[in-house]
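This is what each chain is made of:
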Amino acid sequence: MSPLLDGLNQEQLEAVTHGQGPLLVIAGAGSGKTRVLTRRIAYLIEEESIHPSQILAITFTNKAAAEMKVRVADLIGPEAKGMWVSTFHSACVRILRSHGDALGYGKNFAIYDSDDSEKLISLVIGSLGLDSKRFPARSLAGQISNAKSELVSPAKLADRASHIMERRVAEVYRIYEERLKAANAMDFDDLIVNTYLLFDEHPAVLDYYQRRFVHLLVDEYQDTNVAQNGLVMALGDKNRNVFVVGDSDQSVYGFRGADMRNILEFSKNFDDAKVIKLEQNYRSTQNILKVANAIIAQNSNRLEKNLWSDQGDGDKVKMFVGSDQDEEANFVATTIHKENAQGTRFGDMAVFYRINSNSRSIEEALIRRAIPYRVVGGTRFYDRKEIRDVVSYLRLLVNPNDEMSLRRVCNTPKRGVGDASVLRVFEFSQSQSLPAFEAFRRASEAGVSGRALTGIASFINLIDDLTKLVADQTPPMAIIEQFLEKSGYREELSASGQVDDLARLDNITELIGVASEHQSLEEFLDSVALVAQADQIQDDNVVTLMTVHTAKGLEFDLVFLTAFEDGIFPHSRSLYDESELEEERRLCYVAVTRARKKLFVTRASKRFVFGSESASVPSRFIDEFPPSLIEDVSQPKSYDELRSRYFDRSRSNDSDRNSTSSGISPTQLAKFSQRQSNPGPRLEPSQVKVGIKVVHGSWGEGFVEEVSGSGSSMTAVIRFRGLGAKKVMISHAPLKLA
DNA sequence: CGTTTACGTTTTTTT
DNA sequence: AACGTAAACG
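What comes next is a walk through the structure. (Residues numbered from 1 in each chain as written. Chains lettered and ligands numbered in written order. Predicted model: local features only at pLDDT ≥ 70, side-chain atom pairs only at ≥ 80, totals over all residues. Heavy atoms only, no water.)

1. A look at the overall build of chain A
Phase 1: Scanning chain A for helices and strands turns up 29 helices and 21 strands.
Phase 2: Per-residue burial for chain A yields a buried fraction of 55% across its 738 residues.
Phase 3: In chain A, 75% of the contacts between residues at least 6 apart in sequence involve partners at least 24 apart.
Phase 4: Entry remark: accessible area of chain A is about 32,000 Å², with carbon and sulfur atoms responsible for 49%. (Helix = DSSP H or I, 4+ residues; strand = E, 2+ residues; numbered from the N terminus. Buried < 20%, exposed > 50% of the residue type's maximum accessible area, 1.4 Å probe, protein only. Contact = heavy atoms within 4.5 Å. Areas by Shrake-Rupley, 256 points an atom, 1.4 Å probe, with all protein chains shown as cover.)

Here it is as structure tokens:
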């Protein structure tokens with residue numbers, strides 16, 4: 001027997017060796033679906049003589065795609081490189097870059113993220129004279145996105161509208177689409193929708209891809225939306241070799257249009273589809289699984305299945321209630337510390353929360369205990385102002401009519417181009433049907449004069465100069481360098497001398513580092529546009545903090561599920577809608593099933609929400625945990641524990657920070673965690689000696705005054721100029737030799 | 001045109 | 001509490 005099939009159970013084997021035709025794999029949490037997918041691909045190539053280029057595999061994140069490629073290559077060798085393994089969005093970009101012109105888009109179209117599209121929608125709302133209170137951009141962006149993900153065009157939405165408000169939404173949608181097209185830009189949803197339309201309207205293109213992709217494999221099928229499902233159906237229509245894997249119990253993206261029906265009705269779309277259920281869990285202890293099963297059993301809208309494991313019972317789920325969020329966070333940090341002392345790697349522990357804002361108190365507690373961690377998600381690196389500025393410039397060099405980028409940077413750095421002038425230029429562009437950049441060139445005709453006109457002229461010169469570099473195929477990293485010099489952007493930041501601005505320069509340096517890994521500007525920009533939060537996860541032995549959504553697909557020995565309170569988890573917006581509550585419950589199921597060995601569920605009796613303190617009620621889901629599988633660990637059990645709590649508190653209060661009560665300032669926190677997420681060349685613990693001069697990424701130069709501990713837990717007291725002495729963890733802090 | 005100030009809004013979750 | 005936008009001032 002081929003080694004490809006070693007160690008597979010009966011169902012896994014059946015899935016991997018499935019012949020032709022559609023197959024639905026219902027894969028419970030931890031049932032080895034990644035394994036099945038990779039083996040399946042390898043099997044197709046090795047045993048069924050399918051060429052790698054004939055395979056299209058869709059994963060949920062770019063990181064998962066990269067990993068899958070590596071795993072398949074491990075099995076069958078480097079020829080796996082020719083496969084398309086990517087997310088829906090990446091695959092669509094690839095298709096649209098080569099065939100999107102058939103839809104009237106240039107090949108150099110820009111990709112708008114949700115920020116860009118919300119701002120553009122906001123402009124449209126303004127241009128229609130609508131009241132931004134009654135028509136919030138955010139809400140409209142959501143409605144438009146939902147329409148798109150269900151393949152509803154502006155015209156259809158207008159037809160369907162029964163109320164004046166809805167007609168307005170449809171109108172905004174229509175004009176938004178026009179503006180996108182004029183800017184030669186697509187938003188995230190367009191990438192999917194336009195690929196769908198491309199196939200729908202151009203049978204020859206569809207035919208080409210149908211012939212090319214003999215086998216389709218799609219992971220996380222429960223999280224596909226109508227448009228994505230339509231794409232799969234279209235592509236798979238010819239060969240019908242559609243292999244989808246999913247678990248409707250883990251569908252947690254309903255809010256962005258994901259539709260469980262795609263998986264529930266797969267067998268209707270393909271009436272000859274074979275269905276295989278994977279129910280043996282290889283990940284968690286029995287107790288954890290029993291809890292998970294009990295929770296998800298409360299949902300009515302689901303396919304029955306029962307996960308089982310032949311592993312031992314393991315620990316009970318430990319519950320902790322703190323008096324407030326700090327006590328809760330302290331418990332988490334203390335427990336992590338203890339578990340680490342007993343041999344669990346930091347990298348095998350994770351802290352989950354329902355909403356990003358809950359990371360704050362946890363971070364503070366971890367910093368106090370000098371525990372290395374990384375926050376995944378939250379404010380993304382690519383959402384930082386300086387990064388967006390640079391990226392906008394780069395986008396303009398590829399597509400000068402990218403309206404949102406033009407608006408963002410035509411006065412960055414300051415050139416005296418104010419709102420009024422920008423408005424004139426864009427009105428001129430629209431009234432004369434001129435491409436946006438052309439309107440900038442003819443700004444004087446648009447009625448711009450004086451300082452603003454000079455500013456625009458120098459802006460255009462800058463873009464023209466930089467565009468020449470692109471034409472000469474200058475590497476992206478060199479283009480950024482040139483931009484920083486010629487535009488005066490670097491000078492503006494370094495001249496200000498503000499700590500924040502220096503941190504921004506660091507971020508840009510980091511962006512240059514990422515850019516250096518890319519050959520062409522276009523390719524670099526595509527990768528920037530499509531990074532997922534989960535793509536930032538890397539294995540370097542630190543505790544991972546993230547939302548439950550981001551944690552989907554991951555696993556850890558030890559998991560903390562925090563802020564488990566009604567209104568937070570389940571979220572207050574879903575309390576009164578049964579189907580939304582079911583989605584929250586699935587989310588809870590996802591959280592619980594991430595844990596291999598130990599699960600801690602924590603909450604606080606009161607917590608700060610919107611800056612004021614409010615009482616918290618335990619999550620209603622707690623009642624669904626089988627009582628016999630819960631252990632309450634709230635009461636401090638030993639003198640040691642009491643003492644360590646006291647110790648933590650007092651230390652947090654008498655720190656030498658000159659800031660106010662609440663400990664760590666948000667900007668410090670941001671810098672700290674951002675540093676975590678992007679490790680650069682660091683100072684080795686062994687290099688640190690009392691008396692040496694070092695440079696800290698955010699705090700500048702300082703002298704080492706004291707050193708204690710060793711290896712990864714080594715700490716030093718460093719005196720920074722103007723800031724006093726700080727205690728830092730060497731392996732954790734952004735330190736370099738001065 | 002740009003900076004400062006006041007007020008209102010925010011927190012679901014993300015490609 | 002923190003951030004962004006709208007209004008007021010220089």
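We are not done yet, so read on.
2. Overview of the protein's contact with DNA strand B
Phase 1: Residues in contact with DNA strand B amount to 28 residues; listed here are only the nearest, Arg 354, Asn 356, Gly 418, Gln 533 and Arg 573.
Phase 2: Backbone atoms, meaning sugar and phosphate, form 61% of the atoms of DNA strand B found within 4 Å of the protein.
Phase 3: A distance of 2.8 Å is found between a phosphate oxygen of DNA strand B and a backbone nitrogen or oxygen belonging to Gly 418.
Phase 4: Residue assignment for the surface near DNA strand B shows that the elements contributing at least two residues are helix H19 (419-431) and helix H26 (548-551).
Phase 5: Residues belonging to the surface near DNA strand B are distributed by class as follows: 8 nonpolar, 13 polar and 7 charged. (Near = heavy atom within 4 Å. Polar contact = N/O pair within 3.5 Å; in protein donor to acceptor, adjacent residues only side chain to side chain. Nonpolar A, V, L, I, M, F, W, Y, C, P; charged D, E, K, R; others polar.)

3. Focus: a negative patch on the surface
Phase 1: On the surface, Glu 46, Glu 47, Glu 48 and Glu 79 cluster together into a patch of negative charge.
Phase 2: Along the polypeptide, Glu 48 turns up in the loop between helix H2 (33-47) and strand S2 (55-58).
Phase 3: For Glu 48, a relative accessible area of 35% translates into the label partly exposed. (Patch = residues over 30% accessible without salt bridge, like charges linked within 9 Å, V, L, I, M, F, W, Y side chains within 5 Å. Salt bridge = Lys/Arg side-chain N within 4 Å of Asp/Glu carboxyl O. Lys, Arg positive; Asp, Glu negative; His and termini not counted. Charge placed at Lys NZ, Arg CZ, Asp CG, Glu CD.)

4. A word on the side chain of Thr 344
Phase 1: Examined against the element boundaries, Thr 344 turns out to sit in the loop between helix H15 (325-341) and strand S10 (349-353).
Phase 2: Residues in contact with Thr 344, not counting those within four places in the same chain, are Glu 339 and Met 349.

5. What to know about the nonpolar core
Phase 1: Ranked by internal contacts, the top residues of the largest apolar core, which has 50 residues, are Leu 394, Phe 440, Phe 459, Ile 480, Leu 511 and Leu 521.
Phase 2: Sort the elements by how many residues they give to this core and helix H21 (residues 450-471) lands first, with 9 residues.
Phase 3: When near neighbours in sequence (up to four residues on either side) are disregarded, Phe 440 contacts Leu 406, Cys 410, Val 425, Phe 426, Ile 456, Phe 459 and Ile 460.
Phase 4: Core analysis: the second largest hydrophobic core is formed by 43 residues, Leu 103, Tyr 105, Met 186 and Leu 198 among them. (Core = buried A, V, L, I, M, F, W, Y, C linked by side-chain atoms within 4.5 Å.)

6. A closer look at helix H22 (residues 476-487)
Note: α-helices contain 3.6 residues per turn, so residues at a spacing of three or four share the same orientation.
Phase 1: With 12 residues, H22 should cover 16 Å at 1.5 Å per step; its first-to-last C-alpha distance of 16 Å lies within 8% of that length.
Phase 2: Buried residues of H22: Pro 476, Ile 479, Ile 480, Phe 483, Leu 484 and Ser 487, and no others. Burial along H22 is one-sided: seen end-on, the buried residues are contained in an arc of 140°.
Phase 3: For H22, the secondary structure elements touched by its buried residues are helix H17 (385-398), H21, helix H23 (489-496), helix H24 (499-515) and helix H25 (521-529).
Phase 4: Gly 488 lies just past H22 and shows a positive phi near 80°. (Expected span 1.5 Å × (residues − 1). Arc of directions from axis to C-beta.)

7. Observations concerning helix H11 (residues 226-236)
Phase 1: Judged by how many residues are buried, H11 sits mostly within the fold: 10 of 11 residues are covered.
Phase 2: Along H11, the residues that are buried comprise Ala 227, Gln 228, Asn 229, Gly 230, Leu 231, Val 232, Met 233, Ala 234, Leu 235 and Gly 236.
Phase 3: Between the side-chain oxygen at the start of H11 and the backbone nitrogen of Ala 227 there is a gap of 3.1 Å, and the oxygen is on Asn 225.

8. Describing the packing of H22 against H24
Phase 1: Contact geometry for H22 and H24: axes closest at 8 Å, N-to-C directions at 150°. Taken together, the axes of H22 and H24 lie roughly antiparallel to each other. Judged by the twist between their axes, the crossing of H22 over H24 is right-handed. Along its contact with H22, which presents Pro 476, Met 477, Ile 480, Glu 481 and Leu 484, the element H24 presents Ile 508, Leu 511, Ile 512 and Ala 515.
Phase 2: Counted by class, the contact of H22 with H24 contains 8 nonpolar, no polar and 1 charged residues. (Axes fitted to C-alpha atoms, helices over the stretch in contact; angles between N-to-C directions. Parallel < 35°, antiparallel > 145°, perpendicular 65-115°, else oblique. Left-handed = near helix turned anticlockwise from the far one by under 90°.)

9. Here's the deal with the sheet that holds strand S6 (residues 215-218)
Phase 1: One open sheet holds the 6 strands; their spatial order is S3-S2-S6-S7-S1-S8, and the pairing between them is parallel. Two strands close off the open sheet at either side, each with one partner strand: strand S3 (84-86) and strand S8 (274-278). Across the sheet, the mean angle separating the axes of adjacent strands is 10° when strand polarity is ignored.
Phase 2: On top of the sheet, helix H4 (residues 88-99) reaches S2, S3 and S6; it is set at about 130° to S3, its chief contact.
Phase 3: The strands touched by H11 are S2, S6 and strand S7 (242-246); relative to S6, the strand with the most contacts, the crossing angle is about 160°. (Pairing = 2+ DSSP bridges.)

10. What about the packing of H17 against H22?
Each packed pair of helices is defined by two parameters, the angle between the axes and the distance between the axes.
Phase 1: Interhelical geometry of H17 versus H22 gives an angle of 110° and a closest axis separation of 11 Å. In terms of orientation, H17 and H22 fall into the roughly perpendicular class. In this structure, H17 crosses over H22, and the sense of that crossing is right-handed. On H22, the residues touching Val 390, Tyr 393, Leu 394 and Leu 397 of H17 are Ile 479, Ile 480 and Phe 483.

11. What about unusual backbone geometry?
Phase 1: Put simply, Thr 412 and Pro 413 share a cis peptide bond, and its omega is -10°.
Phase 2: In this structure, Pro 413 sits in the loop between helix H18 (403-409) and H19.
Phase 3: The backbone of Ser 433 shows a phi angle near 50°, a positive value even though the residue is not glycine.
Phase 4: Note on placement: Ser 433 falls in the loop between H19 and helix H20 (436-441).

12. Observations regarding the side chain of Arg 179
Phase 1: Checked against the element boundaries, Arg 179 lands in helix H8 (residues 164-182).
Phase 2: Those residues within four positions of Arg 179 in sequence are excluded, and the remaining contacts are Leu 120, Leu 123, Val 124, Ser 127, Glu 403, Arg 407 and Gln 430.

13. Quick look at the environment of Gly 611
Phase 1: Among the secondary structure elements, Gly 611 is positioned in the loop between strand S14 (595-609) and strand S15 (612-615).
Phase 2: Gly 611 gets classed as exposed once you look at its relative accessible area, which sits at 66%.
Phase 3: Taking the C-alpha atoms as reference, Gly 611 lies 39 Å from Arg 302; in sequence the two are 309 residues apart.

14. Focus on the pattern of salt bridges
Phase 1: Scanning the entire structure with this criterion turns up 52 salt bridges.
Phase 2: With a shortest N-O distance of 3.0 Å, Asp 219 and Lys 33 are connected by a salt bridge. Residue Asp 219 is found in the loop between S6 and H11, and its partner Lys 33 is found in helix H2; the two are separated by 186 residues along the sequence. Across the pair, exposure class does not vary: Asp 219 and Lys 33 are buried alike.
Phase 3: With its nearest N and O atoms 3.3 Å apart, the salt bridge here joins Asp 101 to Lys 107.
Phase 4: Exposure remark for Lys 107: the relative accessible area of 44% places this residue in the partly exposed category.

Without other data, these values stay purely geometric and don't point to any function.
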